[in-house]
Amino acid sequence: MNDDIADLQLRVSFQDEAMIKLSDQIALHDKELREAKLQIKMLREKLMDVSHEVDQMSPTQKNERPPHY
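Residues numbered from 1 in each chain as written. Predicted model: local features only at pLDDT ≥ 70, side-chain atom pairs only at ≥ 80, totals over all residues. Heavy atoms only, no water.

Q: How would you explain the overall build of the protein if you had to name every residue and give the values?
A: Broken down by element type, the protein carries 2 helices and 0 strands. The buried share among the 69 residues of the protein stands at 0%. Summed over its atoms, the accessible surface of the protein is roughly 7,000 Å², and 58% of this surface lies on carbon and sulfur atoms. (Helix = DSSP H or I, 4+ residues; strand = E, 2+ residues; numbered from the N terminus. Buried < 20%, exposed > 50% of the residue type's maximum accessible area, 1.4 Å probe, protein only. Areas by Shrake-Rupley, 256 points an atom, 1.4 Å probe, with all protein chains shown as cover.)

Q: Can you explain a nonpolar patch on the surface? Please cite residues and give values.
A: A surface patch of nonpolar side chains, about 230 Å² in accessible area, is lined by Val-50, Val-54 and Met-57. Positionally, Met-57 belongs in the loop between helix H1 (2-56) and helix H2 (59-63). With relative accessibility at 36%, the residue Met-57 sits in the partly exposed group. (Patch = residues over 30% accessible without salt bridge, like charges linked within 9 Å, V, L, I, M, F, W, Y side chains within 5 Å. Salt bridge = Lys/Arg side-chain N within 4 Å of Asp/Glu carboxyl O.)

Q: Describe the pattern of salt bridges, with residues and values.
A: On inspection of all chains with the given rule, the structure shows 3 salt bridges. Two residues, Glu-17 and Lys-21, come together in a salt bridge whose shortest N-O distance is 3.4 Å. Linking Glu-17 with Lys-21, this pair stays in helix H1, spanning 4 residues, or about one helical turn. On the basis of relative accessibility, which here comes to 40%, the residue Glu-17 falls in the partly exposed class. For Lys-21, a relative accessible area of 52% gives the class exposed. With a shortest N-O distance of 3.0 Å, Asp-30 and Arg-34 are connected by a salt bridge. With Asp-30 and Arg-34 both in helix H1 and 4 residues apart, this pair spans about one turn of that helix.

Geometric descriptors of this kind do not, in isolation, establish any biological role.
Structure representation (structure tokens):
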């Protein structure tokens, strides 16, 4: 009976440790996901700004060759 209780206590201890590790990993992934979403948002805004600038160019500016040609 005491061996069974000790075995159960050992299992609970391992499960507690596993849950703590999983919780830490989830927190890390959540942080990385939030950072990635923020970077995507910033890139989207930059892309929209550049797209707007290109749309504002006159047709001759759009078709001009760069000076290095």
